[in-house]
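Take a look at the letters that make up each chain.
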Number of protein chains: 2
Amino acid sequence: MKKTIYALCMAAALFSVNAFAQESASTNIIGKEYPKVNPDRTVMFRVDAPTAKSVAVDLGGRHQMTRNAAGQWEVTTPAQTPGFHYYGLIIDGVKVSDPNSQQFFGGGVMQSGIEIPEVAVDYYLDKDVPHGEVRMQRYWSELTKSWRVCYVYVPPCYDTNLSERYPVLYLLHGAGEDETGWSTQGKMYNIMDNLIDEGSAVPMIVVMDHGVANIPDIKLASMFDFTAYEKVVIEELIPMIDSKYRTLADRENRGICGLSLGGFQSWTIAMNNRDKFSWLGGFSGSGKGPGTTPDLYDASLNKDFHLMFISTGTKESPQMYATVKNFHDILVNAGVKHVFFQSAGTDHEWLTWRRSLYKFAPMLFKK
Amino acid sequence: MKKTIYALCMAAALFSVNAFAQESASTNIIGKEYPKVNPDRTVMFRVDAPTAKSVAVDLGGRHQMTRNAAGQWEVTTPAQTPGFHYYGLIIDGVKVSDPNSQQFFGGGVMQSGIEIPEVAVDYYLDKDVPHGEVRMQRYWSELTKSWRVCYVYVPPCYDTNLSERYPVLYLLHGAGEDETGWSTQGKMYNIMDNLIDEGSAVPMIVVMDHGVANIPDIKLASMFDFTAYEKVVIEELIPMIDSKYRTLADRENRGICGLSLGGFQSWTIAMNNRDKFSWLGGFSGSGKGPGTTPDLYDASLNKDFHLMFISTGTKESPQMYATVKNFHDILVNAGVKHVFFQSAGTDHEWLTWRRSLYKFAPMLFKK
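Residues numbered from 1 in each chain as written. Chains lettered and ligands numbered in written order. Predicted model: local features only at pLDDT ≥ 70, side-chain atom pairs only at ≥ 80, totals over all residues. Heavy atoms only, no water.

## Focus on the overall build of chain A
- A count of helices and strands for chain A gives 8 helices and 19 strands.
- The C-alpha radius of gyration computed for chain A amounts to 22 Å, which stays within 12% of the reference 21 Å derived for 367 residues, consistent with globular compactness.
- Its C-alpha atoms put chain A at 65 × 55 × 45 Å along the principal axes.
- The buried share of chain A, taken over its 367 residues, is 57%.
- The contacts of chain A with a sequence gap of at least 6 include a subset with a gap of at least 24, amounting to 69%.
- As displayed, chain A has an accessible area near 14,400 Å², and 56% of this comes from carbon and sulfur atoms.
- With 35 positive and 40 negative side-chain charges, chain A shows a spacing of 1 Å between the two charge centroids. (Helix = DSSP H or I, 4+ residues; strand = E, 2+ residues; numbered from the N terminus. Rg over C-alpha atoms; globule rule 2.2 N^0.38 Å. Buried < 20%, exposed > 50% of the residue type's maximum accessible area, 1.4 Å probe, protein only. Contact = heavy atoms within 4.5 Å. Areas by Shrake-Rupley, 256 points an atom, 1.4 Å probe, with all protein chains shown as cover. Lys, Arg positive; Asp, Glu negative; His and termini not counted. Charge placed at Lys NZ, Arg CZ, Asp CG, Glu CD.)

Rendered as C-alpha cells:
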C-alpha cells in the first residue's frame, strides 16, 4: 500500500514536470537552476561569463547566446528530442563543458549532458520498486598487465536469495565511452529494476566492462580488430565474474550485447565463441565491423543462439542506419532468425539504446 | 609468488614515474597527453583554443599560458604539493574545466583535477591485494520524500565469508562535495583494501552517504544546523544499511567520521546519539560548527567513546587550522582523551583526508 502511494506520488510528479512546468534539467549539478527544460521541450540556457565576447550552446547544432539585462548570456533552443543528449558551450570559439551540468564520458571526452523528459514514459526512471546494486569491480589483467575496472549490476534479490545463481549478460559500451556509460547515461539499473519488478525480465547479473584492451604482443589492424579485447573477455573477465559472483556459468545462461562499437564487438566475440554465449544482441552496430571479412551467416546459427537481436534508431545518419539495415537483410536472406527493432525518431544516441535494452532484456534467458 | 612479482612490477613502475620521467597525469582522460607532471612536480599544460585571446591555468594560483609555435597554449606551473588538486582553465576570463581531465565534484561544481604523485608512498594506490567493492545503493527516504544514493564499500572477504558480520564506519564528505568524493578523490577503497590486506585495519563496511537532506517540516538555521540530516542518518540510513548488509548492528561496532563540514556533522550526530556510535572522527572539522552552542565536553566522554580522533593539515589557512587546534585545546583542558593528527605540509585538501583515514581506520573497532 505504501508502495502504491509512493508510485502514485512519483507518477504525479513526473506528469506535472512534463506537462505543466518549466523545470531545471535533472542532469544539472545539485542546486543549479539552468539549463531549464520547457514543457514544449525547448531548453533555456543561462551562463555567467561576463568577460567573454561570444557564447553559444552546442546542442544538436549551434545556438548563439545574447546578453540579458543582468549581463548573463541566454538562449532558448528549438524543441529537443526526448532522452539524453551531450552538449557543450562555445566560449569565444572554444568548446568547453557547462559548469552547471553533470559530466559524462562520451566522444572520448567529458561532456555536459541534458535529459529531456518523455511524457508518460517511466521505464528508465527511478521507481518505487526493489533496487539492485551497481558494484565497482576491479580485476588484475595479466594479459594487459593492468588493473581493469568493470561495473556489475546485481538484481534486487541477489543478497537475500543466497542459494540462487543467476544468468549473466555482458553489456558493452560504444567508441569514446567507457564502463560508466550504461549506468550514468543509459540508466540500465532503473531499466533492469523495473523490468524485473514487473516480472518481464528474469533476475540477471549484468557486467559492464571497459571495452578497450592493449595486449603488448597483439598488434591490432584497425578499431574493428577485437582480437585483444576478445582474449580479455574470454580468458580473464568471464572467469573472474564466474568466480566472484553466483553465476550460472554456462553458455545457456550467458549473453553478450553492446551498442555501436560494442555491438560489433558482441557479434564478433559471440560468433568466435559459441561455446560461451547463446544470447546475442547489437544496438546500432552488429555483425562484423566495416572493412573486415564478414562471418558466415547461415541457418545453422539458429541452433547456436537462442536469440539474435539487432536494433537501430530511425533517425540515425543514412550511413549508420544502412549498416544495421543491410545486416538485417543479410540475416533475412541467410535464413537467420532474429529480432530487428527500430527505435522511432531517435538518432545514434542513448534513447535508442535504452529502448533497445528495454526490448532485449525481457527476451533473455527464456527458452 | 605471482603476487610478489606484480607488486614489484608496480612498485618499479611507480618509482620510475616519480623519480625519472615526465608522465601524463593519472587523472587525465584516457589517451590525453596533457597535463604532464614532471619529476620535480612542476606541471606542463597544453591546451587547444585557437580562437581564444587569453588562456590561463588556475591551479593553486593563476598561471598565464602563452602560444607555442604550433599555436597551442602552454605553461609550466611551479612545483605542486603531492596529492589531488582541483584546477580549471580561464579562457578569456571565464573559468571552465579542462577537457583533457576527468571531472570531480568539489566546491559545488564539476571541476578538473590533477593527481601529483608522492615518491615512495603507495597506501592509496591500487596494489596487488584482494579488492573490496564500492556499491551504489539507492534508498527511499520518507523524511525527504526522495530517492537518495549512498556508496557502500564492502571488504574483500564480504562475499566469501557469508556467515561473517562486519562493523560499519559512516564516512561523510565536505561542503560542496557529494557521496562520490571519498571514492574518486579520496581513493578510500585503495586505502581500506591495503590496510585490511596488511592486517592493520579490521575488515569493515564503509558507508558514504549524501550529507545534505531537506525535510519539508524542518527549517534549518544555518549550514551548521544538521537537524534534518541527523534524522535521515538515525531513522533511515542506519536501519537501511543494517537491513541490507551483514552488519554488527550496535554502538560498539559503529563509527562515524567526516571531512570538513562532514567532521562537524559527525561530532554533532555522535554527541546526540551516543547509544548509536562509539567511534568518532573529524578531519579538518570537528566539534560543533562555528556559531553554534558548543556541546559539553568533559571526561565522561571517555566512557562513551572508544576513540575520538581529530586532524588537520599544517598548511591549512590560519582560520581553518585554528578551528581544529582550538577544539584540540578544549578537549585537552576538559580531560577528553583523543588523537590529534597533523598532516605535514598539506592544506584543506584530499591528501590531508587520505592521510587522516589512513591513520584513523586502523584504530577502529579494536578494544
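## Brief notes about the pairing of strand E16 (residues 254–259) of chain A
Residues and elements named next belong to chain A.
- Most of E16 is tucked away: 6 of the 6 residues are buried.
- Neither face of E16 is left uncovered, since the one carrying Arg254, Ile256 and Gly258 and the one carrying Gly255, Cys257 and Leu259 both have all their residues buried.
- Two elements, strand E14 (residues 168–172) and E16, share 5 bridges in a ladder whose sense is parallel. When the sheet's bridge partners are listed, Leu172 is paired in E16 with Gly258. (Pairing = 2+ DSSP bridges.)

## Overview of the interface of chain B and chain A
- At the junction of the two partners, chain B supplies 45 residues and chain A supplies 45 residues.
- Taking both partners together, chain B and chain A bury about 3,800 Å²; carbon and sulfur atoms supply 60% of that area.
- Between Asp193 of chain A and Arg138 of chain B there is a salt bridge whose closest N-O contact spans 2.8 Å.
- Linking chain B with chain A are 16 residue pairs in polar contact (both at pLDDT 80 or more).
- When contributions to the side of chain B that touches chain A are tallied by element, the ones reaching two or more residues are helix H1 (2–19), strand E9 (94–96), strand E10 (103–106), strand E11 (109–116), strand E12 (133–141) and helix H3 (188–197) of chain B.
- The element contributing the most residues to the side of chain B that touches chain A is E12 of chain B, with 7 residues.
- Counted by class, the side of chain B that touches chain A contains 20 nonpolar, 11 polar and 14 charged residues.
- Where strand E12 (residues 133–141) of chain A and E12 of chain B come together, 3 bridges link them in antiparallel fashion. Note that in E12 of chain B the partner of Arg135 of chain A across the bridge is Arg135 of chain B. (Buried area = accessible area lost by both parts, 1.4 Å probe. Salt bridge = Lys/Arg side-chain N within 4 Å of Asp/Glu carboxyl O. Polar contact = N/O pair within 3.5 Å; in protein donor to acceptor, adjacent residues only side chain to side chain. Nonpolar A, V, L, I, M, F, W, Y, C, P; charged D, E, K, R; others polar.)

## With respect to the side chain of Ser260 of chain A
Residues and elements named next belong to chain A.
- Residue position: Ser260 is located in the loop between E16 and helix H5 (261–272).
- Its relative accessible area of 14% is what places Ser260 among the buried residues.
- Setting aside residues up to four positions removed in sequence, Ser260 forms contacts with Gly174, Phe283, Ser284, Gly285 and His348.

## Things to note about the sheet that holds strand E1 (residues 23–24) of chain A
All names here are of chain A.
- Pairing is antiparallel in the open sheet, where 5 strands are placed in the order E1-E2-E3-E7-E6. Strands at the two margins of the open sheet, each flanked by one partner only, are E1 and strand E6 (66–67).
- Here strand E2 (residues 36–37) pairs with strand E3 (residues 43–47) via 2 bridges, running antiparallel. In the sheet register, Lys36 faces E3, and the bridge partner there is Met44.

## A few points about the relation of the copies chain B and chain A
- Mapping chain B onto chain A calls for a rotation angle of 180° and an axial translation of 0.0 Å; the resulting RMSD is 0.0 Å. Between the two chains, the operation in question is that of a two-fold axis. When C-alpha distances to the rotation axis are compared across chain B, the minimum falls at Arg135 of chain B, with a value of 2.1 Å.
- A share of 100% of interface residues in chain B that are also interface residues in chain A marks the association as one of identical surfaces. (Least-squares fit on C-alpha atoms with pLDDT ≥ 70 in both.)

## Digging into the pattern of salt bridges
- Evaluated as defined, the whole model comprises 40 salt bridges over all chains.
- A salt bridge links Glu74 of chain A to Arg46 of chain A, with the nearest nitrogen and oxygen atoms 2.7 Å apart. Separated by 28 residues along the polypeptide, Glu74 of chain A in strand E7 (residues 73–76) and Arg46 of chain A in strand E3 bring together distant segments of the chain.
- Here Arg46 of chain A falls in the partly exposed class, since its relative accessible area comes to 25%.
- Put simply, Glu133, Arg135 and Asp159 of chain A together with Glu133, Arg135 and Asp159 of chain B are held in one network by salt bridges that share partners.

## Overview of the domain arrangement of chain A
Residues and elements named next belong to chain A.
- The assigned domain composition of chain A is domain 1 (2–116) and domain 2 (133–363).
- For domain 1 versus domain 2, the distance between C-alpha centres works out to 30 Å.
- Tallying the contact residues gives 12 residues for domain 1 and 10 residues for domain 2.
- For the domain 1 and domain 2 pair, buried surface summed over both sides reaches about 870 Å², with 51% attributable to carbon and sulfur atoms.
- On the surface where domain 1 and domain 2 come into contact, there are 1 salt bridge.
- With a shortest N-O distance of 2.8 Å, Arg354 and Glu115 are connected by a salt bridge.
- At the junction of domain 1 and domain 2, the tally comes to 7 residue pairs in polar contact (both at pLDDT 80 or more).
- The element best represented in the side of domain 1 that touches domain 2 is strand E8 (residues 83–91), accounting for 4 residues.
- Of the residues assigned to the side of domain 1 that touches domain 2, the class counts are 5 nonpolar, 6 polar and 1 charged. (Domains from an automatic or database assignment.)

## Considering the sheet that holds strand E7 (residues 73–76) of chain B
- Across the sheet, 5 strands lie side by side as E1-E2-E3-E7-E6 (chain B); this open sheet has antiparallel pairing. Bordering the open sheet on either side are strand E1 (23–24) and strand E6 (66–67) of chain B, each of which pairs with just one other strand.

## Some points on the packing of aromatic side chains
- Inspection of every chain in the model, using the stated rule, returns 40 aromatic pairs over all chains.
- Arranged with centres 5.3 Å apart and planes meeting at 85°, the rings of Trp350 of chain A and Trp353 of chain A form a pair that is edge-to-face. Note that Trp350 of chain A and Trp353 of chain A are positioned in helix H8 (residues 350–360) at a spacing of 3 residues, about one turn of the helix.
- The exposure class of Trp353 of chain A is buried, given its relative accessible area of 3%.
- One aromatic cluster is present, built from ring pairs that chain together Trp182, Phe283, Phe309, Trp350, Trp353 and Phe360 of chain A.
- One residue, Arg246 of chain B, lies across the ring of Tyr158 of chain B, its end atom 4.1 Å from the ring centre.
- The ring of Tyr124 of chain B carries Arg354 of chain B above its face, with NZ or CZ at 4.4 Å from the centroid. (Phe/Tyr/Trp six-rings, centres within 6.5 Å; stacked < 30°, edge-to-face > 60°. Lys NZ or Arg CZ within 6 Å of the ring centre and 35° of its normal.)

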